[in-house]
Amino acid sequence: MRKKMLTLVAMGLVTVTALTGCSGVVTTSGTATDESGNSNTSASETVSEVAGTETTELTDLEDYVVPANPTGKTADEIKIGLSFAYTDADEFTVAQYTGAQDEAEAQGTNLYITDAHSDEVTQANDVLDLIQQGMDVIGIYPVNGEMISSSIEACKDAGIPVFLFSTPPANEEIEHMINGFSGGNAYKLGEQMAQTCADALGGKGKVIELAGLYGMTDSDLRCEATRDVFANYPDIEIIDSQEYGWAKEEAITVVENLLIKYPEVDAIVCANDSGACGAISALEAVGRLDEVKVFSCNMNDEGYEAIKEGKLYSSGIQDASEEGHEAVKMALDIALGNEYKFYGYTSTEVVTKDNVDEFEAPGY
């Protein structure tokens, strides 16, 4: 008989337990014993030798496949901790959260979720709390990708393998500290969006950039990709860049102010559909939607409908539910010692009015 428990406790900790029969919970010991009684190196030690120590000569992990090194454990023994930057700020993270829960239940494993509410200090405390509870593996969706190294070090010091999900490592140093990454390819999403914009503008125009949140790696990578693409088009100019905290209402206010400041704008590129739909609302309010093209990433239901209506030129599919499922799958692969890709990217595709009918609405 499988049981699922959902419990809210102090510090925003959410515990989801999916157990089969009367199996107990086993904390990580750093080693596992094979049938002959010999000790095997843990999954965390295996990957550290590849991607987390001074001795490694491997610098490019983009296509690296971590080899199998079974720990001798089973899914129902594993305790997975996922530290979310936030779980309820937008529809995307809600879908991630739900997908992770569903995958844990399907796998019969034990999942503990924390919500940092976009606060770096809260997230650091959340990770320490997960360590104290004896997780076998910890996944972190960083509030700030540049500031997460101390939490990663804390996991390593406790002998617990750690990976990032949703937001990729901010730099090579962090990349070589972790056991993997699971989630969308933020750079590719930004690259696809910027190229679609450049093509639609015929390689010439004035562009406003809406960044989700400065310092959050997936937002920064989309901005970096946009600049890299536009560098090939000397007649495309980014006239301003503003953050909007991933929220539609804030994006409306930001764009309203920018439209007053800049009477000539050809396009707005946005880090997600919440920002894009906010931009569309602001443009509609002043009757300028026909003269300004809007481009986006992370398609949601509102963005999907905006594309069908011809208000949003394009967006990029990044399946949030899939990200939640894949985060739990990577956690289990690490804890069980299965083979897995160090960069477990989920799929991304550009959606425009020409192909939108080939896709279903995301459902969030």
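Just so we're clear, the structure is a prediction, and the values are computed from it rather than from any experiment.

Conventions adopted
- Residues numbered from 1 in each chain as written.
- Predicted model: local features only at pLDDT ≥ 70, side-chain atom pairs only at ≥ 80, totals over all residues.
- Heavy atoms only, no water.
- Helix = DSSP H or I, 4+ residues; strand = E, 2+ residues; numbered from the N terminus.
- Buried < 20%, exposed > 50% of the residue type's maximum accessible area, 1.4 Å probe, protein only.
- Contact = heavy atoms within 4.5 Å.
- Areas by Shrake-Rupley, 256 points an atom, 1.4 Å probe, with all protein chains shown as cover.
- Disulfide = S-S within 2.5 Å.
- Core = buried A, V, L, I, M, F, W, Y, C linked by side-chain atoms within 4.5 Å.
- Phe/Tyr/Trp six-rings, centres within 6.5 Å; stacked < 30°, edge-to-face > 60°.
- Arc of directions from axis to C-beta.
- Expected span 1.5 Å × (residues − 1).
- Axes fitted to C-alpha atoms, helices over the stretch in contact; angles between N-to-C directions.
- Parallel < 35°, antiparallel > 145°, perpendicular 65-115°, else oblique.
- Left-handed = near helix turned anticlockwise from the far one by under 90°.
- Nonpolar A, V, L, I, M, F, W, Y, C, P; charged D, E, K, R; others polar.
- Pairing = 2+ DSSP bridges.
- Patch = residues over 30% accessible without salt bridge, like charges linked within 9 Å, V, L, I, M, F, W, Y side chains within 5 Å.
- Salt bridge = Lys/Arg side-chain N within 4 Å of Asp/Glu carboxyl O.
- Lys, Arg positive; Asp, Glu negative; His and termini not counted.
- Charge placed at Lys NZ, Arg CZ, Asp CG, Glu CD.

Colleague: What is the right way to look at the overall build of the protein in this model?
Modeller: If you tally the helices and strands in the protein, you get eleven helices and 18 strands. Counting across all 364 residues of the protein, residues that qualify as buried make up 55%. Taking the contacts inside the protein whose residues are at least 6 apart along the sequence as the reference set, 74% of them involve residues at least 24 apart. Accessible surface computed for the protein: about 15100 Å², of which carbon and sulfur atoms make up 47%.

Colleague: I would appreciate a short explanation of the state of the cysteines in the present structure.
Modeller: In protein structure, a disulfide is the covalent linkage between the sulfur atoms of two cysteines. All chains considered together, the criterion is met by zero disulfides. As a non-bridged cysteine, Cys223 has Cys297 as the owner of its nearest cysteine sulfur, 9.3 Å distant. With relative accessibility at 11%, the residue Cys223 sits in the buried group. Here Cys277 stays free of any disulfide, with the sulfur of Cys270 as its closest cysteine sulfur at 8.8 Å. Taking the relative accessible area as the measure of exposure, Cys277 reaches 5% and is therefore buried.

Colleague: What exactly am I supposed to notice about the nonpolar core here?
Modeller: Proteins that are soluble and globular tend to have nonpolar side chains buried together. By size, the foremost hydrophobic cluster in this structure holds 81 residues, and its most contacted members are Ile80, Leu82, Ile152, Phe163, Leu210, Ile268 and Val294. Counting residues per element, this core draws most heavily on helix α11 (residues 320-336), which supplies eight residues. In this structure Ile268 touches Ile208, Leu210, Val255, Ala279, Leu283, Val292, Lys293, Val294 and Phe295, once residues within four positions along its chain are discounted. Core analysis: the second largest hydrophobic core is formed by 14 residues, Leu189, Val207, Phe230 and Val269 among them.

Colleague: Got a minute to help me understand the packing of aromatic side chains in this structure?
Modeller: Two aromatic rings are characterised by how far apart their centres lie and by the angle between their planes. Following the criterion strictly, the structure yields 13 aromatic pairs and no others. Ring centres of Tyr141 and Phe165 lie 5.8 Å apart, and the angle between their planes is 70°; this geometry places the pair in the edge-to-face category. With Tyr141 in the loop between β8 (137-140) and α4 (149-157) and Phe165 in strand β9 (residues 162-165), this residue pair connects regions lying 24 residues apart in the sequence. According to the relative accessible area criterion, Tyr141 is buried, its value standing at 2%. Judged by relative accessible area, Phe165 falls into the buried class, the value being 3%. Among the aromatic residues, ring-to-ring pairing joins Phe84, Tyr86, Tyr97, Tyr141, Phe163 and Phe165 into one connected group.

Colleague: Can you walk me through α4 in this structure?
Modeller: Spacing of three or four residues puts side chains on the same side of an α-helix, whose turn is 3.6 residues. Every buried residue of α4 is listed here: Ser151, Ile152 and Cys155. All buried residues of α4 fall inside an arc of 100° around its axis, so they share one side. Looking at the buried positions of α4, the neighbouring elements they touch are α3 (120-132), β8, β9 and α5 (172-175). Gly159 lies just past α4 and shows a positive phi near 75°.

Colleague: I tried to follow helix α2 (residues 91-107) on my own but got confused; where do I start?
Modeller: For α2, spanning 17 residues, the distance from its first C-alpha to its last is 24 Å, which sits close to the expected 24 Å at 1.5 Å a residue. Residues of α2 that are buried include every one of Phe92, Thr93, Ala95, Gln96, Tyr97, Gly99, Ala100, Gln101, Glu103 and Ala104, and no others. In the segment just after α2, Gly108 is the residue with positive phi, at about 70°.

Colleague: What should I look at first to understand the packing of helix α6 (residues 186-200) against helix α7 (residues 217-230) in this one?
Modeller: When two helices pack together, their arrangement is given by the angle between the helix axes and the distance between those axes. Where α6 meets α7, the closest approach of the two axes is 7 Å, and the angle between their N-to-C directions is 40°. The orientation of α6 relative to α7 falls into the category oblique. You can see that α6 and α7 cross each other, and the crossing is right-handed. Residues Ala186, Tyr187, Leu189, Gly190, Glu191, Met193, Ala194, Gln195, Cys197 and Ala198 of α6 form the contact with α7, whose participating residues are Asp218, Leu221, Arg222, Glu224, Ala225, Thr226, Asp228, Val229 and Phe230. Classifying every residue of the contact of α6 with α7 by side-chain character gives eleven nonpolar, three polar and five charged.

Colleague: Would you explain the pairing of strand β6 (residues 79-84) in this entry?
Modeller: If a strand is regular, its side chains alternate between the two faces of the sheet. In terms of burial, β6 is a largely internal element, six of the six residues being buried. As paired strands, β6 and strand β7 (residues 110-115) are joined by six bridges and run parallel to one another. Residue pairing for β7: Gly81 is matched across the bridge by Tyr112.

Colleague: Please clarify how a negative patch on the surface should be interpreted in this entry.
Modeller: A cluster of acidic residues, Glu146, Glu191, Asp220, Glu224 and Asp228, forms a negative patch on the protein surface. Among the elements that line the negative patch, the one with the most residues is α7, at three residues. Within the element layout of this structure, Asp220 appears in helix α7. A relative accessible area of 30% means that Asp220 is categorised as partly exposed.

Colleague: Before we go on, may I ask you to explain the packing of α3 against α4 in this structure?
Modeller: The contact between α3 and α4 brings their axes to 10 Å, and the two run at 10°. As the angle between them shows, α3 and α4 are arranged roughly parallel. Where α3 abuts α4, its residues Ala124, Val127, Leu128 and Ile131 lie against Ser151, Ala154 and Cys155. Its residues assigned to classes, the contact of α3 with α4 shows six nonpolar, one polar and no charged.

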